[in-house]
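These are the residues of each chain, in order.
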Amino acid sequence: MTGSLRKAMLAGAVLALTAGALIGLPGASQAAGTGPCDVYGAAGTPCVAAHSTTRALYGAYNGPLYQVRRASDGATTNIGVLAAGGFANAAAQDSFCYGTTCVMSVIYDQSPRHNDLTPAPPGGVGGQDNPVPADALPVTAGGHTVYGASFSPIMGYRDNSTSGVATGSQPEGMYMVTSGTHYNNRCCFDYGNAETNNLDNGNGRMDALYFGTLCWFSPCNGSGPWVMADLENGLFQSAAGGSTNASYTGDRNAFVTATLKNNGTNFFALKSGNAQSGGLATRYAGALPTSRPGYSPMQKEGAIILGIGGDNSNTAIGSFFEGVMTSGLPSDAAENAVQANVVAVGYGGPSPVAAGTLNPGSTISLRATTACCTTRYVRHQNDGAVTSVVSSSSSALDKADASWIVRRGLANPSCVSFESRNYPGDFLRHFNYQVYRQPMDGSAIFRADATFCPQAGRSGTGTSFASYNFPTRFLRHYDNTLYIASNGGPNAFDSTASWAADVSWVVGSPWTP
Ligand code: AHR
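Since the structure is predicted, the reported quantities are computational estimates derived from the model, not experimental observations.

Engineer: Describe the site of the ligand, and please don't skip the residues or the numbers.
Structural biologist: Lining the immediate environment of the ligand, one finds 13 residues, of which Asp 230, Glu 232, Asn 233, Gly 234 and Asp 311 sit closest. One of the side-chain nitrogen or oxygen atoms of Glu 232 is found 2.9 Å away from an oxygen atom of the ligand. Interatomic distance of 2.8 Å between a backbone N/O atom of Gly 234 and an oxygen atom of the ligand. Contact with the protein chains hides 94% of the accessible area of the ligand, taken as 280 Å² for the molecule alone. Tallied by class, the residues present in the shell around the ligand amount to 4 nonpolar, 5 polar and 4 charged.

Engineer: Summarise helix 4 (residues 332-345); cite the residues concerned and give the values.
Structural biologist: Under the 1.5 Å per step criterion, the end-to-end length of helix 4 is 20 Å for 14 residues, consistent within 8% with the ideal 20 Å. For helix 4, every residue scored as buried is listed here: Ala 334, Glu 335, Ala 337, Val 338, Gln 339, Asn 341, Val 342 and Val 345. Along its buried surface, helix 4 packs onto helix 2 (36-42), strand 6 (137-141), strand 9 (172-178), strand 14 (256-262), strand 15 (268-274) and strand 19 (322-327). Taken from the residues just after helix 4, Gly 346 is the one with a positive phi, measuring 70°.

Engineer: How would you summarise the pattern of salt bridges if you had to cite specific residues and measurements?
Structural biologist: A full pass over the atoms with the stated rule returns 17 salt bridges. Note that Arg 283 is salt-bridged to Asp 251, the shortest N-O span being 3.3 Å. Of this pair, Arg 283 sits in strand 16 (residues 281-286) while Asp 251 sits in the loop between strand 13 (235-236) and strand 14; the two residues are 32 residues apart in sequence, bridging distant segments of the chain. For the pair shown, Arg 283 and Asp 251 are each scored as buried. The partner of Asp 398 in a salt bridge is Arg 379, with the nearest N and O atoms 2.8 Å apart. On the criterion of sequence distance, the pair formed by Asp 398 in helix 5 (residues 396-401) and Arg 379 in strand 21 (residues 376-381) is long-range, its members being 19 residues apart. A relative accessible area of 26% means that Asp 398 is categorised as partly exposed. The exposure class of Arg 379 is buried, given its relative accessible area of 4%. Through salt bridges with shared partners, a single network forms among Lys 261, Lys 271, Asp 332 and Glu 335.

Engineer: Can you lay out the state of the cysteines for me, pointing to particular residues and giving the numbers?
Structural biologist: For the structure shown, the criterion picks out 6 disulfides. The disulfide that involves Cys 37 links it to Cys 47, with 2.1 Å between the sulfurs. Its S-S torsion of about -100° marks the bond between Cys 37 and Cys 47 as left-handed, since a negative value means left-handed. Of this pair, Cys 37 sits in helix 2 while Cys 47 sits in strand 1 (residues 47-52); the two residues are 10 residues apart in sequence, bridging distant segments of the chain. Given a relative accessible area of 6%, Cys 47 falls into the buried group.

Definitions and cut-offs
Residues numbered from 1 in each chain as written. Predicted model: local features only at pLDDT ≥ 70, side-chain atom pairs only at ≥ 80, totals over all residues. Heavy atoms only, no water. Near = heavy atom within 4 Å. Polar contact = N/O pair within 3.5 Å; in protein donor to acceptor, adjacent residues only side chain to side chain. Areas by Shrake-Rupley, 256 points an atom, 1.4 Å probe, with all protein chains shown as cover. Nonpolar A, V, L, I, M, F, W, Y, C, P; charged D, E, K, R; others polar. Helix = DSSP H or I, 4+ residues; strand = E, 2+ residues; numbered from the N terminus. Expected span 1.5 Å × (residues − 1). Buried < 20%, exposed > 50% of the residue type's maximum accessible area, 1.4 Å probe, protein only. Contact = heavy atoms within 4.5 Å. Salt bridge = Lys/Arg side-chain N within 4 Å of Asp/Glu carboxyl O. Disulfide = S-S within 2.5 Å.

Now the structure itself:
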């Protein structure tokens, strides 16, 4: 059955479910078994999209949350919930992906509209997007370990053939739970309504939540990251573009709820708050932009994007745990009740990890042990990986360049990968045996090139890191440049002289925690 046929057949069911929500399900109060979409439905603004990799967004939902595809054989399986209305069955993913790696190949729409998200096609900007790694963002929800979706550049999802999503000047609302610890200033970490042809079709063709530090219009107050409305050709914090709210300096909580609603003709509102406690603060509520043409009324096209801009601009990073889009303009009461519902999830973790260890989540430094070089540390410089002398009097930039976040191995969770401390989403990877700092593009080759398997230091000191896909080659400094080197071989950097010391490193506290 085609996606559109499936959507058409389900249209009747949508009406029935909406009516059921209005008359038969709990209202906006926090009842057990109530999800955000029950809240919105009971308020007369039903969900037309409900995406989450962590939990059911309806109290009765018992279907798949997302699909994973594993690298070893290309097989796929759906990850569902532990119980109706409950949390993601992460153990099913762990079991299916054991010994290999998985990506989230589909993020299902839990609403009866079936507006499922798949990796976004090429657009006006940027080529085909990759799916996110399935296990890159372990967190807890309701005390269960679940996986959020962690976006690096060149990762994003889209549905250009939706059902029920607002078009033209129809009203709509949306929220997402994201993170105030993983963002950048590139375009555009969005969730919401966009063009159906992957191109920038002009002002007012989009209505999406943006989260990050791309300050499109001045002023942006504080250092962000901020919630903004991507209305196409601009990230708006007000009708004027820039912020009119001096007290809004950004949301840096580990979990952030962000909301946007737009009546399509003359009003939009942005709110945000801590997804772990408290309520939402209104960051802007007022007119749509009028000094620029095209936004009032809106000209929405009704596609859904996640992690990218409307024209597929795909250099942003971010985290996504859950989000929905509604038909109709949600009331403030409904938005407040949804925030209470999110807080009740109890998002948390991952558990704090001590710095200076090889446990995933730890931030570290890597110091050379060869006699020549014991004050030198692995750092990135001009996109390459080198060793430099770093000390307490080094600049903040040098210290950050020499600090790395340990991640589960991108190609094998028993090994490790090293994410740049000051270039989130960039990892150490080898290419032609030399090591560079590059954005993680999600490809199998990148994941393999960026995975290193620790073992006792080959010199008897510290730790050595075998390349995952060239296991006889180890992370080595040679002439202060990083390679994966074998103990003897055709290249100068394979020299046997001081090889064992050059491939042995001290894992220590980070220069930039
Ligand atoms: O509006 C900001 C961005 O501008 C949109 O997401 C994209 O389509 C365009 O490049």
